[in-house]
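Commentary on secondary and tertiary structure
Chain by chain, the residues:
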Amino acid sequence: SRARDPRFDDLSGTLDIEGFEKSYAFLDEYRAQEFDQMQKEVKMLQKQQKRRKNATLAAQEQEIRQELRRRVQQDKQRRHKGEMRAAEKELRREEKKKVAETGKTPYFHSNKDVRSLVRQKRRAGGRAGGARDKVEERREKKLAGKEKRRLPARRSRGD
């Protein structure tokens, strides 16, 4: 018989994301340690480059910096996905509670609702000193521009 891939086989069961995260939480610590180690390595390479110019040192430094950027982006994405899952779970719990208490028909929230809840929580949580996220500012500016375009053009007094 052929070998089977457990990722795509029903016999292997379903993926429990929360259980997976709990089981492999220790990897986050390893990741943080590796990140610190890489930063130290970059500093060491910079000092070595000041002493003597070497193309291989510059290439090594560039490679490590690229890996650092990639890891920062991955961590950011991991946090965002966690926030999205938590918000979705919260919306489902609230909806289930409303259905059980009042007998209303269930409403299944879209991803848009989940994203807006995450955005609301971010705004409510706030940043240090009330500083806002640049991405959020750009997004709001873009939405304001769209709203402005939707409005009918103003008429001048001479018409």
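Here goes a summary of the coordinates provided.

Looking at the nonpolar core
Ranked by size, the top nonpolar core spans 7 residues in total: Phe35, Met38, Val42, Leu45, Leu57, Ile64 and Leu68. Those elements that provide at least two residues to this core are helix H2 (26-51) and helix H3 (55-102). Residue contributions to this core peak at 4 residues, all from H2. When sequence neighbours within four positions are dropped, the list of residues in contact with Ile64 reads Met38, Glu41, Val42 and Leu45.

Regarding a nonpolar patch on the surface
Together, Leu15, Ile17, Phe20, Tyr24, Phe26, Leu27 and Tyr30 make up an exposed nonpolar region whose accessible area comes to about 690 Å². Broken down by secondary-structure element, the contributors of at least two residues to the nonpolar patch are helix H1 (17-23) and H2. At 3 residues, the largest contribution of residues to the nonpolar patch is made by H2. Mapped onto the elements, Leu15 comes out in the segment before H1.

Things to note about H3
Owing to its 3.6 residues per turn, the α-helix brings residues three or four apart onto one side. Here H3 spans 70 Å end to end across 48 residues, near enough to the 70 Å set by a 1.5 Å rise per residue. The set of residues buried in H3 consists of Leu57, Glu61, Ile64, Leu68, Arg71, Met84, Ala87, Glu90, Leu91 and Glu95. Here the buried face of H3 lies against H2 and helix H4 (111-125). Looking one or two places after H3, you find Gly103, whose phi comes out positive at around 75 degrees.

Digging into H2
Between its terminal C-alpha atoms H2 stretches 38 Å, which fits the 38 Å expected from 26 residues at 1.5 Å a residue. When we look at burial in H2, the residues that qualify are Phe35, Met38, Val42, Leu45 and Gln49. Buried residues in H2 make contact with H3.

A few points about a positive patch on the surface
Together, Lys40, Lys43, Lys47, Lys50, Arg51 and Arg52 line one region of the surface with positive charge. By the secondary structure assignment, Lys50 is in helix H2.

Details of the pattern of salt bridges
Taken as a whole, this structure holds 16 salt bridges when the rule is applied. The partner of Arg71 in a salt bridge is Glu67, with the nearest N and O atoms 2.9 Å apart. Taken together, the residues span about one helical turn, with Arg71 and Glu67 both in helix H3 at a distance of 4 residues. The residue Glu140 makes a salt bridge to Arg123 at a minimum N-O spacing of 3.5 Å. Of the two residues, Glu140 is situated in helix H5 (residues 134-150) and Arg123 in helix H4; the sequence distance between them amounts to 17 residues. What makes Arg123 partly exposed here is its relative accessible area of 45%. In this structure, a network of salt bridges that share partners links the residues Glu34, Glu67, Arg70 and Arg71.

Concerning the packing of aromatic side chains
The full count for this structure, using the stated rule, is 3 aromatic pairs. Measuring from ring centre to ring centre gives 4.8 Å for Phe20 and Tyr24, while their planes differ by 45 degrees; the resulting arrangement is tilted. Using a relative accessible area of 46% as the deciding quantity, one classes Phe20 as partly exposed. The exposure class of Tyr24 is partly exposed, given its relative accessible area of 41%. Each ring, one from Phe26 and one from Tyr30, has its centre 5.8 Å from the other, and the planes form 90 degrees; the classification is edge-to-face.

Calculation criteria
Residues numbered from 1 in each chain as written. Predicted model: local features only at pLDDT ≥ 70, side-chain atom pairs only at ≥ 80, totals over all residues. Heavy atoms only, no water. Core = buried A, V, L, I, M, F, W, Y, C linked by side-chain atoms within 4.5 Å. Buried < 20%, exposed > 50% of the residue type's maximum accessible area, 1.4 Å probe, protein only. Helix = DSSP H or I, 4+ residues; strand = E, 2+ residues; numbered from the N terminus. Contact = heavy atoms within 4.5 Å. Patch = residues over 30% accessible without salt bridge, like charges linked within 9 Å, V, L, I, M, F, W, Y side chains within 5 Å. Areas by Shrake-Rupley, 256 points an atom, 1.4 Å probe, with all protein chains shown as cover. Salt bridge = Lys/Arg side-chain N within 4 Å of Asp/Glu carboxyl O. Expected span 1.5 Å × (residues − 1). Lys, Arg positive; Asp, Glu negative; His and termini not counted. Charge placed at Lys NZ, Arg CZ, Asp CG, Glu CD. Phe/Tyr/Trp six-rings, centres within 6.5 Å; stacked < 30°, edge-to-face > 60°.

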